[in-house]
Amino acid sequence: MSGDVLDPAQERLRRWRLVLGGDAADGTGCALGGRDAAMDGALAALYGKGDRQGQQPGRDRSAGLGASAPSVARWLGDIRTYFPSSVVQVMQRDAIDRLGLATLLLEPEMLEAVEADVHLVGTLLSLNKAMPETTKETARAVVRKVVEDLEKRLATRTRATLTGALDRSARVNRPRHQDIDWNRTIAANLKHYLPEYRTIVPERLIGYGRASQSVKKEVILCIDQSGSMAASVVYASVFGAVLASMRSINTRLVVFDTAVVDLTDQLDDPVDVLFGTQLGGGTDINRALAYCQSQITRPAETVVVLISDLYEGGIRNEMLKRVAAMKASGVQFVTLLALSDEGAPAYDREHAAALAALGAPAFACTPDLFPEVMAAAIEKRPIPVPEG
């Protein structure tokens with residue numbers, strides 16, 4: 001912002017000028033100078049209108065980035081100077097979409113200049129096969145930074161929530177003293193209340209088992225790796241690594257398009273998992289669920305989480321039959337249209353309705369809600385489906 005203090009009317013005109021952009025101040029009569037002019041230039045380079053050869057009239061086009069890597073690097077530095085990180089991430093995303101800058105991300109100096117976030121990771125993963133060897137090391141460093149930040153944000157709460165759920169799901173009737181669930185024990189023995197002594201004589205003790213002593217639950221994350229699911233793939237890989245770090249949960253991670261790939265043996269490093277995915281391509285949910293079904297040995301102790309927009313390229317009726325069969329055997333089946341902060345993408349509403357009729361409602365889930373969803377599935381409680 002300019003260092004000058006403007007009255008409210010001037011400040012409104014200034015803001016409108018920055019929003020509208022364009023020559024002749026777009027009718028605001030407000031001229032920009034100094035830092036404001038530099039901000040306006042950075043915005044115009046991305047959102048300004050040009051009249052280049054071959055451009056359709058009225059279509060937005062870059063006013064100054066072109067395809068020059070040095071100019072793009074300068075622009076990336078400018079927007080990080082003038083705008084907060086959240087805005088920078090949006091502008092980078094728009095630059096990739098509007099200006100075709102994805103190929104420039106294949107250059108190490110470009111990757112070092114960008115603001116790393118989940119969406120950038122998704123773009124890098126989609127470019128993985130085209131990425132030259134000189135860029136891959138830098139790309140992995142960018143991805144690792146995002147993954148480590150996500151793990152710091154999500155891991156502690158996830159482990160705490162699921163450990164509690166595992167303990168509660170492993171209740172025993174002859175618990176050790178330190179394992180007694182006093183609230184449930186008192187509720188179960190209220191009929192044994194002795195008024196003269198003002199006490200309850202507990203004939204039946206209810207307690208928690210110790211989930212850490214052995215594998216209590218099996219979790220299978222089945223992830224659609226079509227292009228629209230990029231952010232979900234990133235978050236699911238991080239959660240998969242967190243779950244795999246818990247001895248009481250046996251975690252399997254499966255990704256699919258028209259083929260199925262089991263990445264379980266790479267779960268100790270979610271970066272390896274992510275670079276093992278191949279974003280894009282078709283979708284065969286039925287084939288993926290067939291593989292997951294073949295891996296189930298203890299259905300009553302298994303949670304299957306399908307993360308997909310449900311656009312099925314395989315055999316629809318077979319897919320639904322598999323879900324019904326898994327649920328009938330005791331499997332807890334969860335369907336997530338997305339695992340991200342962005343809300344539900346476009347999805348197949350007919351398939352979502354069919355799964356809901358089977359008792360597996362499909363909904364978008366934020367990363368912060370995911371531990372509660374998993375805890376409910378582990379305890380065989382109703383899944384906390386968000387409203388809307």
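Scroll up for the structure.
Summary of the structure given here. (Residues numbered from 1 in each chain as written. Predicted model: local features only at pLDDT ≥ 70, side-chain atom pairs only at ≥ 80, totals over all residues. Heavy atoms only, no water.)

This part is about the pattern of salt bridges. Taken as a whole, this structure holds 14 salt bridges when the rule is applied. Linking Asp149 and Lys145 is a salt bridge whose minimum nitrogen-to-oxygen distance equals 3.3 Å. Taken together, the positions of Asp149 and Lys145, both in helix H7 (residues 133–169) and 4 residues apart, correspond to about one turn of that helix. Note that Asp284 is salt-bridged to Arg287, the shortest N-O span being 4.0 Å. Looking at Arg287, the relative accessible area reads 47%, which means it is partly exposed. Among the charged side chains, a network of salt bridges with common partners joins Arg153, Asp341 and Asp368. (Salt bridge = Lys/Arg side-chain N within 4 Å of Asp/Glu carboxyl O. Helix = DSSP H or I, 4+ residues; strand = E, 2+ residues; numbered from the N terminus. Buried < 20%, exposed > 50% of the residue type's maximum accessible area, 1.4 Å probe, protein only.)

This part covers the packing of H7 against helix H9 (residues 230–244). With their axes 9 Å apart at the nearest point, H7 and H9 run at an angle of 50 degrees to one another. Considered as vectors, H7 and H9 are oriented oblique to each other. The handedness of the crossing between H7 and H9 comes out as right-handed. Contacts between H7 and H9 involve Val147, Leu150, Glu151, Arg153, Leu154, Ala155, Thr158, Arg159 and Leu162 from the first element and Val234, Tyr235, Val238, Phe239, Ala241, Val242 and Leu243 from the second. (Axes fitted to C-alpha atoms, helices over the stretch in contact; angles between N-to-C directions. Parallel < 35°, antiparallel > 145°, perpendicular 65-115°, else oblique. Left-handed = near helix turned anticlockwise from the far one by under 90°. Contact = heavy atoms within 4.5 Å.)

This part covers the layout of surface pockets. In this structure, the second largest pocket occupies an estimated 290 Å³ of space. In terms of lining, the second largest pocket is formed by 18 residues, of which the most central are His119, Gly227, Ser228, Ala230 and Ala231. Contributing elements (two or more residues each) for the lining of the second largest pocket: helix H6 (118–126) and H9. Ranked by the residues each element gives to the lining of the second largest pocket, the list is headed by H6, at 5 residues. Here the lining of the second largest pocket is built from residues that sort into 8 nonpolar, 9 polar and 1 charged. (1 Å grid on protein atoms, 1.4 Å probe; cavity = no way out; pocket = protein on both sides within 12 Å on 5 of 7 lines; lining within 4 Å. Points joined across faces, edges and corners; volume = space filled by probe spheres on them. Nonpolar A, V, L, I, M, F, W, Y, C, P; charged D, E, K, R; others polar.)

Taken in spatial order, the 6 strands of this open sheet run E5-E4-E3-E6-E7-E8, and their pairing is mixed. Among the strands making up the open sheet, the edge pair consists of strand E5 (260–262) and strand E8 (362–365). The average angle at which neighbouring strand axes cross in this sheet is 30 degrees, direction not considered. Taken together, the 3 bridges between strand E4 (residues 249–256) and E5 define a ladder with antiparallel strand orientation. Bridge pairing in E5 links Val254 to Asp262. (Pairing = 2+ DSSP bridges.)

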